[in-house]
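Listed below, chain by chain, are the residues.
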Amino acid sequence: MAVDSRMDLLSERAVLMRESLQKSQTITDNVVSILGSFDSRLSALESAMRPTQIRTHAIRKAHENIDKTLKSAEVILSQFDLLRQAETKVLKGPHEDLESYLEAIAQLRKVIRYFSSNKGFKNSDGVLNHANSLLAKAQSKLEEEFKQLLASYRFVLLFLNRVFRTHFVNYVFLKVNTCHKAVEPDRLFDGLPNSLRPSADGEGNGKAHGGHHNDDSETAAYTLPVLIPSRVLPLLHDLAQQMVQAGHQQLLLQIYRETRTFVLEESLRKLGVEKLSKEDVQRMQWEVLEAKIGNWIHFMRIAVKLLFAGERQVCDQIFRGFDSLSDQCFAEVTVSSVSMLLSFGDAIARSKRSPEKLFVLLDMYEIMRELHSEIETIFKGKACLEIRNSATGLTKRLAQTAQETFGDFEEAVEKDATKTAVLDGTVHPLTSYVINYVKFLFDYQATLKQLFSEFGNGDDSNSQLASVTMRIMQALQNNLEGKSKQYKDQALTHLFLMNNIHYMVRSVRRSEAKDLLGDDWVQRHRRVVQQHANLYKRTAWTKILQTSSAQGLTSSGGGSVEGGNSSGVSRGLLKERFKMFNMQFDELHQRQSQWTVPDTELRESLRLAVAEVLLPAYRSFLKRFGPLVESGKNSQRYIKYTAEDLERLLGELFEGKSMNEPRR
């Protein structure tokens, strides 16, 4: 029963489901039918609206085309407006408003680029021709303005403006347009340190020449001159930039070179720089040449530290962004001025060598060494390589010539054959010249060591300098020994050598040469001085000492005097001996009072040495034999001098008296 009832229930439910599905299908069919009717209606509506859509699209396209046309017309009109504005400025020229003129050139270039890329416009070719013609005219005026600006601003007005700050000078700045105005020397001197400026009488505060005389010259403050005002440099930079962009680089170089080259050359000429050949130098008197060398050293400092450094600064600022062009311009502008300066140094280095040139050669070498780093910095770049090489070459030639001159001097000292007679046996002029020369060399000690270090044979520079100095001193000593043979009196020969070698020793002891030559050299030559003093004493006074000795005095029987007994001595022989002594002493006194020992200490020492051997011998002789002579007639004719008289007269020796000068 239960099963049947469940089956009946399921059957009923299945019937209900079938009825529901049938109703759903009916509804679906009805919805499909309704939607089908909507599709046909929408198609009809779309067909009805299509003409309206076509008209609306056409109107929109027309509006877009109108907008595009208006915009194109506006761009074209703006280009024509730019062209008109640029033309007005170009026709006015750059002189009144250079910045505005440069803007006009930039506008012209924009117009040309626009019409070049849009040639479809009617008359675009005509517009381009007109714009290009204007640009060429503008470029030409621009080049002339660049040249005028370079030529207009000069040292003189700039320094006046700096000093006086007057409205008048500022006005002149704006109006001046004269070309090729050189730098006045006084304006250049304003940039020098005080220690290097000329004094009121035209002479420098330092010595005439020699870098070593101004130890602070390398670190002293130099004030670079203002070649062109800072407010003008940006304009010149813009002008140069425009010319490069226009493809006128070579014309730019030509304008800059022609304008600035003359200024530098004329500035150097006004300073006093001359372009001299080796032949010109060779014909000059030494005093004139020495002065010119001193000036050249001064000119080199001014040129490198002020003129060339200032020109480099200007060149770098004008050609900023074009480094290779800046180097090329600077090299072309300065090459002739550098050549003018270096040619003089080269002429000196290649001229005939002579001892007096050594010091100026060292001075010139010093200034080239001092300026080396600045030359390398200022004349940088490949374009300036030749200039740098020229400066380095001159430095080497000066060093080589100085070394060769050094060697020549040693040879000249040894072979000096001057016939200058030193009759009184004093210090020979050659000795004082050589010693002063050597002492002066030690003012250049640092320079010589540098020279030996760079261009020597590799030995220690100290030992090389010491070796050269010793050789010079030995050459002098050899020459003096040769000159001493001119004296017929051997005593004067030894006095001459004593004086001269003593002068050498004393000079070395009082100078820096002592540290280089050493105490051994000094002591060895002091012994040589003493040897010649002893030889002088022996040669000059041995004969008179024999006259005042008892040897040779014989009695009437022919015996010799022995011990203290003088009773057997012939009075006549004693008188002859005293007479001979007087004659010999008078002769020695007369001759040797004309001789000279210039050194006070040495002179007194030599007198004392003579007195120490002569006076005791004479006192002894006078004491033993004087009474025999005095007991006879006219004793004063034979005993002319007391020991005290002799001592006083010995004090008159070596004072260089004239022959007719009376005794004291």
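In the annotation of an unreviewed UniProt entry, the entry for the chain reads Exocyst subunit Exo70 family protein, and the organism field reads Brassica oleracea. In the Sequence similarities (unreviewed entry) part of its UniProt record, the chain is described as follows: "Belongs to the EXO70 family." Recorded under Function (unreviewed entry), the UniProt text for the chain is reproduced unchanged: "Component of the exocyst complex."

J.: Which residues make up the overall build of the chain, and what values do they have?
T.: Broken down by element type, the chain carries 21 helices and 0 strands. Taking all 664 residues of the chain together, 44% fall into the buried category. Roughly 35700 Å² of accessible area belongs to the chain as shown, and the carbon and sulfur atoms make up 52% of that amount.

J.: So, empty space enclosed by the protein: which residues are in play, and what are the values?
T.: The full count for this structure, using the stated rule, is 2 cavities of 30 Å³ or more. Roughly 70 Å³ of volume is contained in the largest cavity. For the largest cavity, the full set of lining residues is Met300, Val304, Phe308, Val338, Leu341, Leu342, Met368, Ile375, Phe379, Ile387 and Ala391. Split by residue class, the lining of the largest cavity holds 11 nonpolar, no polar and no charged. Counted as a void, the second largest cavity has a volume near 30 Å³. Elements supplying a minimum of two residues to the lining of the second largest cavity: helix H14 (429–441) and helix H17 (490–509). Per-element tally for the lining of the second largest cavity: the top contributor is H14, with 3 residues. Of the residues in the lining of the second largest cavity, the class split is 5 nonpolar, 2 polar and 1 charged.

J.: If you had to explain the nonpolar core to someone new, which residues and values would you point to?
T.: Trp296, Phe308, Met368, Tyr536, Trp541 and Phe585 are the most contacted members of the largest nonpolar core, which has 145 residues in total. The biggest single contributor to this core is helix H10 (residues 286–318), with 16 residues. Counting contributing residues, this core receives three or more from each of domain 2 (225–399) and domain 3 (415–516). Those residues in contact with Trp541, other than ones at most four positions away along the chain, are Tyr536, Phe585, Leu588, Gln592, Val610, Leu614, Leu650 and Leu653. Membership of the second largest hydrophobic core comes to 18 residues, among which are Leu83, Tyr114, Phe115 and Ala131.

J.: Can you break down H17 residue by residue, with the values?
T.: Compared with the 28 Å implied by 1.5 Å per residue over 20 residues, the 28 Å span of H17 between its first and last C-alpha is a close match. With 17 of 20 residues buried, H17 lies mostly within the body of the structure. Where H17 begins, the capping side chain belongs to Asp489, and its oxygen is found 2.9 Å from the backbone nitrogen of Ala491.

J.: Before we move on, can you summarise a positive patch on the surface with the specific residues and values?
T.: On the surface, a cluster of positive charge is made up of Lys439, Arg509, Arg510 and Arg526. Relative to the assigned elements, Arg509 resides in helix H17.

J.: Residue-level account of the packing of aromatic side chains, with values.
T.: Counted by the stated rule, this structure contains 21 aromatic pairs. Each ring, one from Phe359 and one from Tyr444, has its centre 5.7 Å from the other, and the planes form 35°; the classification is tilted. Of this pair, Phe359 sits in helix H12 (residues 357–378) while Tyr444 sits in the loop between H14 and helix H15 (445–455), placing them 85 residues apart in sequence. Just as Phe359 is buried, Tyr444 falls in that class too.

J.: So, the pattern of salt bridges: which residues are in play, and what are the values?
T.: Enumeration over the complete set of coordinates arrives at 29 salt bridges. For Arg312, the salt bridge is made with Asp316, and the minimal N-O distance between the two is 3.2 Å. Remark: Asp316 and Arg312 occur in helix H10; sequence separation between them is 4 residues, near one turn of the helix. For Asp316, a relative accessible area of 28% corresponds to the partly exposed category. For the salt bridge of Glu587 with Arg591, the shortest nitrogen-to-oxygen distance reads 2.5 Å. Placement of both Glu587 and Arg591 in helix H19 (residues 571–592) is noted, with a separation of 4 residues, approximately one turn of the helix.

J.: Lay out the confidence of the model for the chain in plain terms, naming residues and giving numbers.
T.: In low-pLDDT segments, the atomic positions of the prediction should not be examined closely. Averaged over all residues, the pLDDT of the chain equals 79, while 77% of them reach at least 70. Put simply, helix H5 (residues 167–175) is where the chain has its lowest mean pLDDT, 30, and H17 is where it has its highest, 96. This stretch, residues 154–180, has a pLDDT under 50; its non-local contacts, to residues over four places away or in other chains, come to 47 contacts. Overall, residues 199–211 carries pLDDT values under 50, and its contacts beyond four positions in sequence, including any with other chains, amount to 24 contacts.

J.: Hey, could you go over unusual backbone geometry for me, with residue numbers and the actual values?
T.: The backbone of Phe654 shows a phi angle near 65°, a positive value even though the residue is not glycine. Among the structural elements, Phe654 can be located in the segment after helix H21 (643–650). Under the relative-accessibility criterion, Phe654 is labelled buried at 0%.

J.: So what about the packing of H14 against H17? Which residues, and what values?
T.: One can describe the packing of H14 onto H17 by two numbers: an axis separation of 10 Å at closest approach and a directional angle of 15°. By the angle between their axes, H14 is roughly parallel relative to H17. Here the hand of the crossing between H14 and H17 comes out right-handed. Counting all contacts with H14, which are made through Thr431, Ser432, Ile435, Asn436 and Lys439, the residues of H17 involved are Asn500, Tyr503, Met504 and Ser507. Its residues assigned to classes, the contact of H14 with H17 comprises 3 nonpolar, 5 polar and 1 charged.

Thresholds, definitions, all that
- Residues numbered from 1 in each chain as written.
- Predicted model: local features only at pLDDT ≥ 70, side-chain atom pairs only at ≥ 80, totals over all residues.
- Heavy atoms only, no water.
- UniProt positions renumbered as here; feature names shortened; annotations may be inferred.
- Helix = DSSP H or I, 4+ residues; strand = E, 2+ residues; numbered from the N terminus.
- Buried < 20%, exposed > 50% of the residue type's maximum accessible area, 1.4 Å probe, protein only.
- Areas by Shrake-Rupley, 256 points an atom, 1.4 Å probe, with all protein chains shown as cover.
- 1 Å grid on protein atoms, 1.4 Å probe; cavity = no way out; pocket = protein on both sides within 12 Å on 5 of 7 lines; lining within 4 Å.
- Points joined across faces, edges and corners; volume = space filled by probe spheres on them.
- Nonpolar A, V, L, I, M, F, W, Y, C, P; charged D, E, K, R; others polar.
- Core = buried A, V, L, I, M, F, W, Y, C linked by side-chain atoms within 4.5 Å.
- Domains from an automatic or database assignment.
- Contact = heavy atoms within 4.5 Å.
- Expected span 1.5 Å × (residues − 1).
- Polar contact = N/O pair within 3.5 Å; in protein donor to acceptor, adjacent residues only side chain to side chain.
- Patch = residues over 30% accessible without salt bridge, like charges linked within 9 Å, V, L, I, M, F, W, Y side chains within 5 Å.
- Salt bridge = Lys/Arg side-chain N within 4 Å of Asp/Glu carboxyl O.
- Lys, Arg positive; Asp, Glu negative; His and termini not counted.
- Charge placed at Lys NZ, Arg CZ, Asp CG, Glu CD.
- Phe/Tyr/Trp six-rings, centres within 6.5 Å; stacked < 30°, edge-to-face > 60°.
- pLDDT = per-residue confidence, 0-100.
- Axes fitted to C-alpha atoms, helices over the stretch in contact; angles between N-to-C directions.
- Parallel < 35°, antiparallel > 145°, perpendicular 65-115°, else oblique.
- Left-handed = near helix turned anticlockwise from the far one by under 90°.

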